[in-house]
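In case you want the letters, here they are:
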Amino acid sequence: MAVADIQNPLQGETTCGTLLQKLQEIWDEVGESDKERDKMLLQIDQECLDVYKRKVEQADKSRAKLLQSLSDAKLELSSLLSALGEKSFSEFPEKASGTIKEQLAAIAPALEQLWKQKEQRVKEFFDVQSEIQKICGEISGSLNLGENPLVDESHLSVEKLDEYHCQLQELQKEKSDRLHKVLEFVSTVHDLCAVLGIDFFATVTEVHPSLNDATGVQSKSISNDTLSKLAKMVLALKEDKKQRLHKLQELATQLIDLWNLMDTPSEERSLFDHVTCNISASVDEVTVPGALALDLIEQAEVEVERLDQLKASKMKEIAFKKQSELEEIFSHAHIEVDPDAARDKILALIDSGNVEPAELLDDMDDQIAKAKEEVLSRKEILDKVEKWMLACEEESWLEDYNRDDNRYNASRGAHLNLKRAEKARILVNKIPALVDTLIAKTRAWEEDRGLSFIYDGVPLLAMLDEYTMLRHEREEEKRRSRDQKKFHEQQSTDQEAITNPRPSPVRPIGTKKAAGPRANGAANGTPSSRRLSLNQNGSRSMNKDGRRDSMRPMTPVKYDAISKEDSALHFSGTEPVSSSP
């Protein structure tokens, strides 16, 4: 292979041609043969060929590396676009053209920008996943601050980031709800501890140290375990509050009962106003700090115990007071009892020591309750008996009024008596119907209870039957008196006609009118003498204190022998109803 002589346009520069010319000159001067010269030139050509081959190989390798770099760059670009969720990149042409280096130069800025975008996206994923991990740890109660979340760099799309953000928002909302619930629980525990007189900080830190007020709101534990413990603590404190309130109300009730029994002055009672003020309060209504403290309950217990001991020493006085109450109830119900025998029995029971004071008082309370029930059962009948007796009293007054010859004189108050007489006549006319109703209700009462209705020691039906009989006899007596009066007037008229046949002068009109009311009074059935009267004179009977008692008609003689003890037996239910009216 001959080496062409290349003339270099630049003077003084060594080229292959100049070197070959120089070599020819040397060979000429040396005297090398043509064979040697050809051999040397062939060697030079071979060496030049080897150099070209090496350069070509190097160029080929360099091109292959560039192609691989371009392929890797395209693959990396595709991977970045896929990881970032980008379908295409606007700054990189879809159909790249030009040399390999031009293509590499064109794709490099896009890769650099995508790398920066990836780094920013990875940071965003890391931040949101770190926050999610933190909140999840707070909720689960197993927060590990040393562990960082692992970001999947192959999925860095905006959609995936939005999913994480949505999850973070839900967790933040749950955290807020849990924190609100924790604060509500803590506030409830604080209020309950205040009412119960319990140390709040010591109580709440048993659940979790972060619940102390010294820590910030965001630092408080919101884990499931904390919420569960707080809920259990609130239930336990509410139950404790309920039990303490029940205990305090029982003590307050006992205090009031003991105070009422022993007539404790209001000054002494006021010392325990903080106890009795909640006697009817519900659990939710008790909110005053210390209202259910243990020392307050213990104070009330000590006072109840002291009053119990004092009550035992004043048992006789208390029992006699209840006995007086029982006797007062019997008195209003017109049931006769033997108070002396009852008091002797109470004294005997207390002195014997065989009965507890509380049992004795409870027994007397039962007696009082039964007596009140008995009063209620007799109330309707007693009210009608009262009306009957008032009517009888008016009847007695009307009879006395009709017997008064001067009742029509123009004296002071005559018009008032006249009005009363008119009302009394109306009331007296209602007596038969009232007696019939009273008899029917009394018999129904006796049939229902199997007992006789005793009124002040006398069977009421016997009183009513006796009154009915006496009223009938009184009406008959009035009728006979009117007939006899008419007979005497007729005899007087006949006698006057025989002795003085002349016509008698006309009687003055005023005289006839004056006789009219007296005749009318006789017609109303009010004779001058009455077989049945209200204590013989129509007045109310007097009780032991000299006051007017409830008036009743005169008791028949055959019923006066009923003793007070027998009357008490009627009330206790030991005597059956009499079959006789």
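Heads up: the structure comes first, above all this text.
Let us look at the structure shown here. (Residues numbered from 1 in each chain as written. Predicted model: local features only at pLDDT ≥ 70, side-chain atom pairs only at ≥ 80, totals over all residues. Heavy atoms only, no water.)

Each pair of aromatic rings is reported with the distance of its centres and the angle of its planes. The tally for this structure, following the rule as stated, stands at 6 aromatic pairs. A ring pair is formed by Trp 388 and Tyr 467, whose centres lie 5.2 Å apart and whose planes are at 80°; its orientation type is edge-to-face. Taken as a pair, Trp 388 in helix α12 (residues 357–403) and Tyr 467 in helix α15 (residues 460–499) lie far apart in primary sequence, 79 residues in all. Over the ring of Phe 320 we find Arg 343, and its NZ or CZ is 5.9 Å from the ring centre. Of note, Arg 378 hangs over the ring of Phe 453, and the distance from its end group to the ring centre comes to 4.0 Å. (Phe/Tyr/Trp six-rings, centres within 6.5 Å; stacked < 30°, edge-to-face > 60°. Helix = DSSP H or I, 4+ residues; strand = E, 2+ residues; numbered from the N terminus. Lys NZ or Arg CZ within 6 Å of the ring centre and 35° of its normal.)

Moving on: helix α10 (residues 315–332). In an α-helix, one full turn covers 3.6 residues, which means residues spaced three or four apart are oriented alike. For α10, with 18 residues, the first-to-last C-alpha span of 26 Å sits near the 26 Å given by 1.5 Å per residue. Within α10, the full set of buried residues consists of Met 315, Ile 318, Ala 319, Lys 322, Gln 323, Leu 326, Glu 327, Ile 329 and Phe 330. Looking one or two places after α10, you find His 334, whose phi comes out positive at around 60°. (Expected span 1.5 Å × (residues − 1). Buried < 20%, exposed > 50% of the residue type's maximum accessible area, 1.4 Å probe, protein only.)

Turning next to unusual backbone geometry. The phi dihedral of His 334 is positive, around 60°, even though this residue is not glycine. Looking at where His 334 falls in the secondary structure, it is placed in the loop between α10 and α11 (339–352). His 334 sits in the buried class, given a relative accessible area of 8%. Of note in the backbone geometry, Asp 456 takes a positive phi value of approximately 55° without being a glycine. For Asp 456, the location among the structural elements is in the loop between β1 (454–455) and β2 (458–459). By relative accessible area, Asp 456 is classed as buried at 18%.

Here helix α6 (residues 224–262) contains 39 residues, and its C-alpha end-to-end distance of 56 Å stays within 8% of the 57 Å for a straight helix at 1.5 Å per residue. Just downstream of α6 lies Asp 263, where phi reads positive at about 50°.

By the element assignment, Thr 276 lies in helix α8 (residues 273–276). Thr 276 gets classed as buried once you look at its relative accessible area, which sits at 15%. For the pair Thr 276 and Gln 249, spaced 27 residues apart in sequence, the C-alpha separation works out to 7.4 Å. Apart from the residues lying within four places of it in its own chain, the contact partners of Thr 276 are Ala 252, Ile 256 and Trp 259. (Contact = heavy atoms within 4.5 Å.)

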